[in-house]
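# Working through the structure, step by step
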Amino acid sequence: MTGCGRLLALLSLAALAGCSSGAAEPTERNCSVIPPHIPSTAQNTTLRLQELRELMVPWNISAYIIPGTDAHLSEYIAPSDARLAFMTGFTGSAGTAVVTRDRAVLWTDSRYWLQAEREMDCNWELERDASSQSVAKWLIAVLPADSLIGFDPFLFSLKVHESYTNTLEFSQRSLKSVPENLVDIVWKDRPLIPSGGVMRLPDKFIQRTWQQKVGEMREVMKYDPYKPTALLLSALDETAWLFNMRGEDIPYNPFFYSYTLLTEDKIWLFLHTERISEELRNYLSASCDGPLCVQLKSYDSFLKEFKVYVNEPGSKVWIGTEYTNYAAYEVLTPDTLVTSSYSPVLIAKAVKDEKEQQILRNAHVRDAIAVIQLLMRLEKTVPEGKETEMTAALYVNECRSKQNDNRGPSFATISASGPNAALAHYFPTNETSRKLTVDEMYLVDSGGQYLDGTTDITRTVHWGTPTARQQEAFTRVLMGNIELSRTIFPTGTRGINMEMLARRALWEVGLNYGHGTGHGVGNYFGVHEWPVGFQGNNIPFSPGMFMSIEPGYYKENDFGIRIEDIVETVPVQTKYGRDFLTFEIISLVPYDKKLIDDSLLSPVQLQWLNKYYKKIREILSPELDSQGLKEEKAWMMKNTEPFPESGSSAAVSSSSLVLLSLVLVLLQNVV
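Just so you know, these numbers come straight off a predicted model, no measurement behind them.

### Here's the deal with the nonpolar core
Counting 84 residues, the largest nonpolar core has Phe541, Phe583, Tyr591, Leu609 and Leu620 as the members making the most contacts within it. If you tally residues by element for this core, the top one is helix 13 (residues 354-381), at ten residues. Membership of the second largest hydrophobic core comes to 56 residues, among which are Met221, Ile250, Phe255 and Trp318.

If you want it as structure tokens, here you go:
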């Protein structure tokens, strides 16, 4: 899955099971005609905007900013936190809205421009950017001097707030913290806060107990040069990881609303305490008062209790600036604050221990079988005219549900054919689901949640005869996947310095893609696990990290291609140097041979591909046999037959590519 963000529960595939198989392709809005053309996929936001503007008056604010996140700055959010979608109609994962007294504007990046045009009515303008600096500059341009700009401090990170204030500085316009979210007041039928259960992971999936992890974090705090007395954990996956617990509050993500405040001798866990069973209380040692006893506190009491601790003499709190909201930051003073971009929990969580590594690999074995079952079925049913984007998406989820320890999908399946696949983050709905045919390419990006791991894989196929352009584009996407996957690099290398290896084969013929090249993935966590990946704000690579590699190409209104595999960073022996790494693919589904032009592949790339196919056979065969899946095994064996190891003479050494990448990172601003 690309860096695409949340898909609301109200738009989940299960809720859309009854969709029409022949729905027409949606059109975009046209606000220049009279009357304006508004597609059926858009919402009427007139009354919502009117009510919000009325609420702005008593606060004396000229504009109100609506981010697309929650109080924990999550990428995926619960329906009750989908304020951006409620106000705008836009359901993409990346966006910021601003409402002034007479204008309403949405900012989002290139991944979502077409989607926004399909989902918004003509009350809204679209700005094709996503940076807070762009929003702030627009506010300076349209608001008079001395204007106040309202925002909910729980929905701003420290970095976002700093970005706004730095841009607004000296402009005679400033931010104003509004403690009550104004959208919530307008949203009369706002969904209730989730009330799902909280569970602990079974012992067989755990190497380190929560007591051991708490001890590790206390050691990090002890030896930190700034001597913090407490560590605040705000991101939902931080608390889930620390206590080996999972929840049901966020669609597709096994998290629960929580904060943790950890000191040398105290542990405060803020959550909805009514969800905690007696068994969990015993597990957390919640009835005692020692250094390894968890004091359970009401989630709603967090800010009040946090203020009390901060005001104690000598308090100094360590926070990660990426995931701490401004409401918590406002409580702190320079004397009580220690900061880093990421908390030590996020850094520790990024490197899997031996148990986590093994069980995550195991999850991908079972997951590969579900994807193979989908592809095998579609080969039969698409030529018969029996499949739609929706039925395919539902089927792969059904296949996953039959595998051991499955807990549902890890995101809403991207099941896209023809022009829909050109939208990198499209997912089928009642209005958009298309019939699958042998005349078009099909892209399926899907994943599963298992008690032992989270999966994410994309495959692109064609059941008829692909065009020469489609075949070349697919092969060049595959070449990028191979070149990045097989690269050898020093431990401590940053992903941003290697990312262009996935683009090189596309760049050679003037092609590119507009999304990130990869993201972290965890053990029964969010499908996008920070801070691992190939972006500038990701941490350097070390052994035991898991992430996606997912280059693509998208031809607007025609077709889309993406190949996504999950890889692990593993040590590699080199002739002279030590402490080097490479990537080992743990996704185990073959690529569509019909789309591969092997004449474009170098001998080295062909060797890599055949080695990968041999690995698929060796790992999947025993599991397919144990599940009695003879037909699936035959399909897998057929589709992993080796390629003749010839090909283009354009073999490029890994070292040459690394050198090229270092030059390009200085010369090229990668989209």
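### Brief notes about the pattern of salt bridges
Scanning all chains against the criterion turns up 38 salt bridges. Here Arg29 ties to Glu117 by a salt bridge, and the two come within 2.7 Å at their closest N and O atoms. Of this pair, Arg29 sits in the segment before helix 1 (46-56) while Glu117 sits in helix 3 (residues 113-119), and the two are 88 residues apart along the sequence. Judged on exposure class, the residue Arg29 and its partner Glu117 are both buried. A salt bridge links Glu387 to Arg377, with the shortest nitrogen-to-oxygen separation between them at 2.8 Å. Taken together, the residues span a long stretch of sequence, with Glu387 in the loop between helix 13 and helix 14 (389-401) and Arg377 in helix 13 at a distance of ten residues. Within this structure, Asp81, Arg83, Asp184 and Arg190 form a network of salt bridges that share partners.

### Describing the state of the cysteines
All chains considered together, the criterion is met by two disulfides. Note that Cys31 is cross-linked by a disulfide to Cys122, the S-S spacing being 1.9 Å. Taking the torsion about the S-S bond as the criterion, the Cys31 to Cys122 disulfide, at about -95°, is left-handed. In this pair, Cys31 is assigned in the segment before helix 1 and Cys122 in the loop between helix 3 and strand 4 (125-127), connecting sequence segments 91 residues apart. Across a sulfur-sulfur distance of 1.8 Å, Cys288 and Cys293 are joined as a disulfide pair.

### Some thoughts on the packing of helix 13 against helix 18 (residues 630-639)
Where helix 13 contacts helix 18, the two axes come as close as 10 Å, and the packing angle between them is 85°. For the element pair helix 13 / helix 18, the angle class is roughly perpendicular. Where helix 13 abuts helix 18, its residues Ile372, Gln373, Leu375, Met376, Glu379 and Lys380 lie against Glu631, Glu632, Trp635 and Met636.

Rules of the game
Residues numbered from 1 in each chain as written. Predicted model: local features only at pLDDT ≥ 70, side-chain atom pairs only at ≥ 80, totals over all residues. Heavy atoms only, no water. Core = buried A, V, L, I, M, F, W, Y, C linked by side-chain atoms within 4.5 Å. Buried < 20%, exposed > 50% of the residue type's maximum accessible area, 1.4 Å probe, protein only. Helix = DSSP H or I, 4+ residues; strand = E, 2+ residues; numbered from the N terminus. Salt bridge = Lys/Arg side-chain N within 4 Å of Asp/Glu carboxyl O. Disulfide = S-S within 2.5 Å. Axes fitted to C-alpha atoms, helices over the stretch in contact; angles between N-to-C directions. Parallel < 35°, antiparallel > 145°, perpendicular 65-115°, else oblique. Contact = heavy atoms within 4.5 Å.

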